[in-house]
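In case you want the letters, here they are:
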Amino acid sequence: MKYKQFIEQLNSRAGSGPPSESERFKARIAEIAKNFDGGSLDEFSVKVQEVVESHNRAPRSDFAGLSPDGMSRLLYNPLENGSPVQIRTHIADDVLGKVGFLRLFEELLKIIKRDGYIKLTAKLGALPRRTIVELYDHHFIPQWVFDDGLFKLSHQDDSPVMGTLHGVARLSGLVRKVHGKLVLTKLGEKMLSPKSRKELFGIVFSAFTTKFNWAYNDLYPDFPLCREAVGFSVYLVARFADEETDKDFYAEKFLNAFPWSLDEFQGDSWGTPESSFKTCYRLRTFERFLEWFNLVDVRPNEQTHVETHQQSLVKKSEIMDKIFVLT
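Since we're looking at a predicted model, the values are computed, not measured.

Scoring rules and cut-offs
- Residues numbered from 1 in each chain as written.
- Predicted model: local features only at pLDDT ≥ 70, side-chain atom pairs only at ≥ 80, totals over all residues.
- Heavy atoms only, no water.
- Helix = DSSP H or I, 4+ residues; strand = E, 2+ residues; numbered from the N terminus.
- Buried < 20%, exposed > 50% of the residue type's maximum accessible area, 1.4 Å probe, protein only.
- Contact = heavy atoms within 4.5 Å.
- Areas by Shrake-Rupley, 256 points an atom, 1.4 Å probe, with all protein chains shown as cover.
- Pairing = 2+ DSSP bridges.
- Axes fitted to C-alpha atoms, helices over the stretch in contact; angles between N-to-C directions.
- Patch = residues over 30% accessible without salt bridge, like charges linked within 9 Å, V, L, I, M, F, W, Y side chains within 5 Å.
- Salt bridge = Lys/Arg side-chain N within 4 Å of Asp/Glu carboxyl O.

1. Regarding the overall build of the protein
Next, step 1: Helix and strand counts for the protein stand at 16 helices and eight strands.
Next, step 2: Counting across all 327 residues of the protein, residues that qualify as buried make up 44%.
Next, step 3: Pairs at least 24 apart in sequence give 62% of the contacts found in the protein among residues at least 6 apart.
Next, step 4: Looking at the protein as shown, the accessible area adds up to about 17,600 Å², and 51% of this sits on carbon and sulfur atoms.

This is the structure in structure tokens:
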């Protein structure tokens, strides 16, 4: 069966749409194999390799316009050379000064430098109340539950920001725990220099997106792909977020690329697998990553008359374009 006949047959199936990129790829390989006339295996391999390379370079709709090769780079070498989205070589200091989580991290290092160490709580090994209150008072990442007096910030676990900050700090290699105290490493001392701010951002960003467990702060399934495919989420916002849209727009594109993500949420008693996935994706990717790094601007969705943070509209901030570049 020739390639065109194969495609016509696929198109003629009752109730089916056009063949997927995967089906087209398989059809082309099938045609090469069908027409193989007994020539050398080297010739056959060359033809197959040409098809494979062409397939890997071609944009795919389910990958939001990325090719399989581009998606692979985002998954295994995110934001590095050759990736479809990369961290800029030069980032102005005033831009980094607007990144809330980075500013909070800097203040944590400064407190340790000033006091010589931070004595962690005896029972849980957490940041003490005095430290978290001092850090929060900078309002780099404000939380309305504390600002409105609904809750009082007394313990590290009262705030997902503080728990994440402590965890990322420990994973960054800039601080270490010694006899129940948090102290600076030599690299941490170095990163306090204003000249090292760009390097510090890279270390903090890497620890946050490649080492810290994003499931730490919520009750959803582990769903490690949410963090492992962070490069794809950054790509989506960098490419599509010039205009405001709701967060589910990005959740749906993520699900188109990785439909097996729903497997993580089977049996969730709080909702359907899809609704649970979307809520988890919005929470981890937007509310506790992109917003903490000030990479998106957020406002309530007035059309839905829903005031909840999850239903808000987002678009990329100026900081996003000044830190990342599409290639």
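2. Topic: the sheet that holds strand β5 (residues 245–246)
Next, step 1: Reading across the sheet, the three strands line up as β5-β7-β6 and stay open at both edges, with antiparallel pairing between neighbours. One side of each edge strand has no neighbouring strand; the edge strands of this open sheet are β5 and β6 (296–299).

3. Examining the sheet that holds strand β2 (residues 118–119)
Next, step 1: Taking strand neighbours across the sheet as the criterion, the three strands line up as β2-β4-β3 in an open arrangement whose pairing is antiparallel. Each edge of the open sheet is held by one strand with a lone partner, namely β2 and β3 (175–178).
Next, step 2: The pairing of β2 with strand β4 (residues 181–184) spans two bridges and is classified as antiparallel. Opposite K119, over in β4, you have K181 as the bridge partner.
Next, step 3: This element, helix α9 (residues 160–172), spans β3 and β4 of the sheet and lies at about 95 degrees to β3.

4. A short note on a nonpolar patch on the surface
Next, step 1: On the surface, W144, L150 and F151 cluster together into a nonpolar patch covering about 400 Å² of accessible area.
Next, step 2: Tracing the chain through its elements places L150 in the loop between α8 (144–147) and α9.

5. Some thoughts on the pattern of salt bridges
Next, step 1: Within the structure shown, the criterion is met by 20 salt bridges.
Next, step 2: The residue E189 makes a salt bridge to K113 at a minimum N-O spacing of 2.9 Å. Placement of the pair is E189 in helix α10 (residues 186–191) and K113 in helix α6 (residues 100–115), with a sequence separation of 76 residues.
Next, step 3: Taking the relative accessible area as the measure of exposure, E189 reaches 39% and is therefore partly exposed.
Next, step 4: In this structure, the salt-bridge partner of R114 is D115, at a minimum N-O distance of 2.9 Å.
Next, step 5: On the basis of relative accessibility, which here comes to 31%, the residue D115 falls in the partly exposed class.
Next, step 6: Counted as one network, the salt bridges with shared partners bring together D93, R103, E106 and R197.

Read these as spatial facts, not as claims about activity.
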